[in-house]
Amino acid sequence: MFMWIMAFLPIVVLLVLMMKFKWGATEAAPVGLMITIFTGMTLFKADVQLIASESAKGIWNAMIILLIVWTAILMYQVGDEAKAFQVIRNGMRKLLPNELLLVLAMGWVFESFLQGITGFGVPVAVGAPLLIGIGVKPIWAVIIPLFGQSWGNTFGTLGAAWDSLAMSANLVSGTEEYLTTAIWTAAFIWFWNAVSGFAVCWFYAKGKGLKKGFAAVMILSLIQGGGELVLSSINTTIACFVPSCISLVVILLLGKMKMYKEKWSIEESPIMERGFFEESHAQEPDDMTLLQAFVPYILLSLLTLVVLTVKPINEFLSRISFGFAFLETRTGLGHVNPASECFSPLTLFTHASMFLFVSAVIGLLYYKKHGWIKSGGAKRAFIKSVTMTMPSGIAVIGLVIMSKIMDGTGQTVVLANGIANVLGKFYVILAPFVGLLGTFMTGSNMSSNILFGGFQVTTAQLLDVNVSAVLGAQSAGGAIGSAVSPSKIILGTTTANILGSEGEVLRKIIAITAPVTIAIGAVLFVLVCI
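Cut-offs applied
Residues numbered from 1 in each chain as written. Predicted model: local features only at pLDDT ≥ 70, side-chain atom pairs only at ≥ 80, totals over all residues. Heavy atoms only, no water. Helix = DSSP H or I, 4+ residues; strand = E, 2+ residues; numbered from the N terminus. Rg over C-alpha atoms; globule rule 2.2 N^0.38 Å. Buried < 20%, exposed > 50% of the residue type's maximum accessible area, 1.4 Å probe, protein only. Contact = heavy atoms within 4.5 Å. Areas by Shrake-Rupley, 256 points an atom, 1.4 Å probe, with all protein chains shown as cover. Core = buried A, V, L, I, M, F, W, Y, C linked by side-chain atoms within 4.5 Å. Polar contact = N/O pair within 3.5 Å; in protein donor to acceptor, adjacent residues only side chain to side chain. Salt bridge = Lys/Arg side-chain N within 4 Å of Asp/Glu carboxyl O. 1 Å grid on protein atoms, 1.4 Å probe; cavity = no way out; pocket = protein on both sides within 12 Å on 5 of 7 lines; lining within 4 Å. Points joined across faces, edges and corners; volume = space filled by probe spheres on them. Nonpolar A, V, L, I, M, F, W, Y, C, P; charged D, E, K, R; others polar. Phe/Tyr/Trp six-rings, centres within 6.5 Å; stacked < 30°, edge-to-face > 60°. Lys NZ or Arg CZ within 6 Å of the ring centre and 35° of its normal. Axes fitted to C-alpha atoms, helices over the stretch in contact; angles between N-to-C directions. Parallel < 35°, antiparallel > 145°, perpendicular 65-115°, else oblique. Left-handed = near helix turned anticlockwise from the far one by under 90°. Expected span 1.5 Å × (residues − 1). Bend = angle between axes of the 7 residues up to and from the residue. Disulfide = S-S within 2.5 Å.

Asker: I'd like a rundown of the overall build of the chain, residues and numbers included.
Answerer: Counting its regular elements, the chain contains 22 helices and 4 strands. The C-alpha atoms of the chain give a radius of gyration of 22 Å, which matches the 24 Å a tight globule of 530 residues would have. C-alpha atoms of the chain, sized along the principal axes, occupy 70 × 50 × 50 Å. Considering the chain as a whole, with its 530 residues, one finds that 59% of them fall into the buried category. In the chain, the share of contacts with a sequence separation of at least 24, taken over all contacts with a separation of at least 6, comes to 81%. Only carbon and sulfur atoms are counted for the fraction: they give 69% of the accessible area of the chain, which is about 20,300 Å².

Asker: Tell me about the nonpolar core, and name the residues and values.
Answerer: Looking at soluble globular proteins, one finds that nonpolar side chains tend to be buried together. Ranked by internal contacts, the top residues of the largest apolar core, which has 168 residues, are Ile88, Leu104, Met106, Phe203 and Tyr297. Counting residues per element, this core draws most heavily on helix 9 (residues 176–232), at 20 residues. Those residues within four positions of Met106 in sequence are excluded, and the remaining contacts are Ile88, Met92, Glu111, Leu130, Leu131, Ile134 and Phe294. Residues Trp60, Ile64, Phe343 and Leu346 belong to the second largest nonpolar core, which totals 5 residues.

Asker: Kindly report on unusual backbone geometry, identifying the contributing residues and their values.
Answerer: Of note in this structure, Ser344 is not a glycine but carries a positive phi near 40°. Along the chain, Ser344 falls in strand 4 (residues 340–346). Owing to a relative accessible area of 30%, Ser344 belongs among the partly exposed residues under this scheme. Its identity is not glycine, yet Asn497 carries a phi of approximately 65°, on the positive side. Mapped onto the elements of the fold, Asn497 is located in the loop between helix 21 (486–495) and helix 22 (502–529).

Asker: Can you break down the environment of Gln149 residue by residue, with the values?
Answerer: Looking at where Gln149 falls in the secondary structure, it is placed in helix 7 (residues 138–150). By relative accessible area, which is 0% here, Gln149 ends up buried. Along the primary structure Gln149 and Gly121 are separated by 28 residues, whereas in three dimensions their C-alpha atoms are 8.4 Å apart. Filtering out sequence-adjacent residues up to four positions away, Gln149 remains in contact with Glu111, Gln115, Pro123, Val124, Ser482, Ala483 and Lys488. Side-chain polar atoms of Gln149 contact the backbone oxygen of Leu146, separated by 2.8 Å. Of the polar contacts made by the side chain of Gln149, one reaches the side chain of Asn153; its length is 2.7 Å.

Asker: Run through the pattern of salt bridges, naming residues and quoting values.
Answerer: Tallied over the full model, the rule gives 5 salt bridges. Between Arg380 and Glu81 there is a salt bridge, and its shortest N-O distance comes to 3.0 Å. On the criterion of sequence distance, the pair formed by Arg380 in helix 16 (residues 377–408) and Glu81 in helix 3 (residues 48–81) is long-range, its members being 299 residues apart. Note on Arg380: relative accessible area 36%, which makes it partly exposed.

Asker: Hey, could you go over empty space enclosed by the protein for me, with residue numbers and the actual values?
Answerer: With a probe scaled to a water molecule rolled over the atoms, the places where space remains empty come into view. Counted under the stated rule, the structure contains 1 cavity of 30 Å³ or more. Empty space within the largest cavity amounts to approximately 70 Å³. Around the largest cavity sit Leu14, Leu399, Met402, Ser403, Phe440, Met441, Ser485, Pro486 and Ser487, which together line it. The element that contributes the greatest number of residues to the lining of the largest cavity is helix 16, accounting for 3 residues. Of the residues that constitute the lining of the largest cavity, the class distribution is 6 nonpolar, 3 polar and no charged.

Asker: Explain the packing of aromatic side chains residue by residue, including any values.
Answerer: Evaluated as defined, the whole model comprises 24 aromatic pairs. For the ring pair Trp140 and Phe203, a centre distance of 4.8 Å and an interplane angle of 45° mean the geometry is tilted. Taken together, the positions of Trp140 in helix 7 and Phe203 in helix 9 put the pair 63 residues apart, joining distant regions of the chain. A relative accessible area of 11% places Trp140 in the buried class. Here a set of aromatic residues connected by ring pairs shows up, and it is made of Trp140, Phe147, Trp192 and Phe203. For the cation-ring pair, Lys57 lies above Phe326, with the distance from its terminal atom to the ring centre recorded as 5.5 Å.

Asker: An account of the packing of helix 7 against helix 21 is requested, with residue identities and associated values reported.
Answerer: As a packed pair, helix 7 and helix 21 sit with axes 9 Å apart at the nearest point and diverge in direction by 135°. Classified by the angle between their axes, helix 7 and helix 21 sit oblique to one another. The way helix 7 lies across helix 21 gives a crossing that is right-handed. Two secondary-structure elements touch here, helix 7 through Val142, Leu146 and Gln149 and helix 21 through Lys488, Ile489, Gly492 and Thr493. Split into classes, the residues belonging to the contact of helix 7 with helix 21 amount to 3 nonpolar, 3 polar and 1 charged.

Asker: Let's hear about the environment of Thr154: which residues, and what values?
Answerer: Mapped onto the fold, Thr154 is located in the loop between helix 7 and helix 8 (156–168). Separated by 297 residues in sequence, Thr154 and Leu451 have C-alpha atoms that sit 14 Å apart. Those residues within four positions of Thr154 in sequence are excluded, and the remaining contacts are Gly159, Ala160, Ala161, Trp162, Thr185, Ile189, Asn445, Ser475 and Ala479. A distance of 2.9 Å separates a polar atom in the side chain of Thr154 from a polar atom in the side chain of Ser475.

Asker: Just give me the short version of helix 3, but keep the residues and values in it.
Answerer: Between its first and last C-alpha atoms helix 3 spans 48 Å; for 34 residues at 1.5 Å apiece the expected length is 50 Å, and the two agree. Of all the 34 residues making up helix 3, 24 are buried; the element is thus mostly covered by neighbouring parts of the structure.

Asker: Quick one: what's the story with helix 22, residue by residue and with numbers?
Answerer: Its 28 residues place the ends of helix 22 38 Å apart at the C-alpha level, agreeing with the 40 Å of an ideal helix rising 1.5 Å per residue. Where helix 22 bends most, at Ile510, the angle is about 35°.

Asker: Kindly report on the packing of helix 5 (residues 99–117) against helix 8, identifying the contributing residues and their values.
Answerer: Direction vectors running N to C along helix 5 and helix 8 enclose 65°, while the axes themselves pass 5 Å from each other. On the side of helix 5, the interface is formed by Gln115, Gly116 and Ile117, while helix 8 contributes Gly156, Thr157 and Leu158. Here the contact of helix 5 with helix 8 is composed, by residue class, of 2 nonpolar, 4 polar and no charged.

Asker: Outline the state of the cysteines, listing residues and values.
Answerer: Inspection of every chain in the model, using the stated rule, returns 0 disulfides. Among the cysteines around Cys245, which has no disulfide bond, Cys240 carries the closest sulfur, lying 8.9 Å off.

Structure below.
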């Protein structure tokens, strides 16, 4: 019990500092990291070589994340220099005069589309500035995309996290166990998908928002969650991408329906910045169309889609990758970290940061050609993007190193094993929390599935409960965890220019994610244990 408490201590300290004392991740991450190193070396018997090795792995992973942060901010700065966000705001208001539907479109549906093809935090980093551009307050411009992208975190990114779950749990494609696990996973995620949509309505105007947005969310959730459930048993690679594409079209059609085609808004909505519209309208370029304003985002979508789905192009561009070699390390308690010839290789030309960078640069040239970016604007965009990225670097590096050391010293495994050993069959209720914990620490549902997929299988077999159902809860919990992961939150607060507000974001989100995760665990327990 003492070892379990000490393994949990860095996470507890991190949460308390961010949520209770309102510290930003930049201040809280180093404290959590110091505690992790102390417990790792004193209690889990890690030597200096192991700590150094895991820290180096963390720095490498953090650099890859920061590449996404910088390129996403660059894309935002390019649009800001061209005054494209004013055009997007005003143009989208004409297409979707119902303000709630507009927020759902820009913060929930568009993010799920981006998650379907890119992932890696791109929907949050890109979505926050877009929402600010339509008048959403910065703090909510971070929260809403975190919900929007989370339901696609298993089958999104063309099924990357799902494939990692199948690999770690030894699920063979096409077998009954593989298909059953996919259905369980998609069913749990569908529930979360609907909750996240209704949450956005609640944020906008509480009861009035739920009443107005009920029909839209039901229709969209049927397409997104229901579509993913159907496709998960046919083709897991496109199970998220296809429904998210369809929902993108459907929400525009909903704007033509009788109940949504009239102008409607709640003046006192707590998430909207009133008075913003008048200011932005005066700055709008007269000769820029909505389609032209969206050029970088259209390029991002097309570029990502072509590179990731056209096999010959993907194979050719994937040839160039690089990473670092690491020796095997082990703790005095016997926890082994295998040697790696090329740890977490960066395939630069198929990485999300490359898609963002190319789209931003082409967008910059396009805007400049039309005279929307004035002399010196390009230089300002690059300087601002670097300036905004640098402060988040400390937080991202600290959090990722912390997660790597917890994993490398065996603290993560102790956490999961402790929960299972103490609770017996009641562990099933907390199975999705294990998935959430993995994503909270690593910032990746894929990493969570790799970390805990095998553990969940072993535990389910020992408890003699349905393995497929437990694995479904694991990955659904991991998807929900992507909404509360500090490293993902930082992506949003950085591009929204409110770095240091991570604790406030976390407090608001965890009030919804925690009950939903408990509900999934309770349903799982009833279905497989009673």
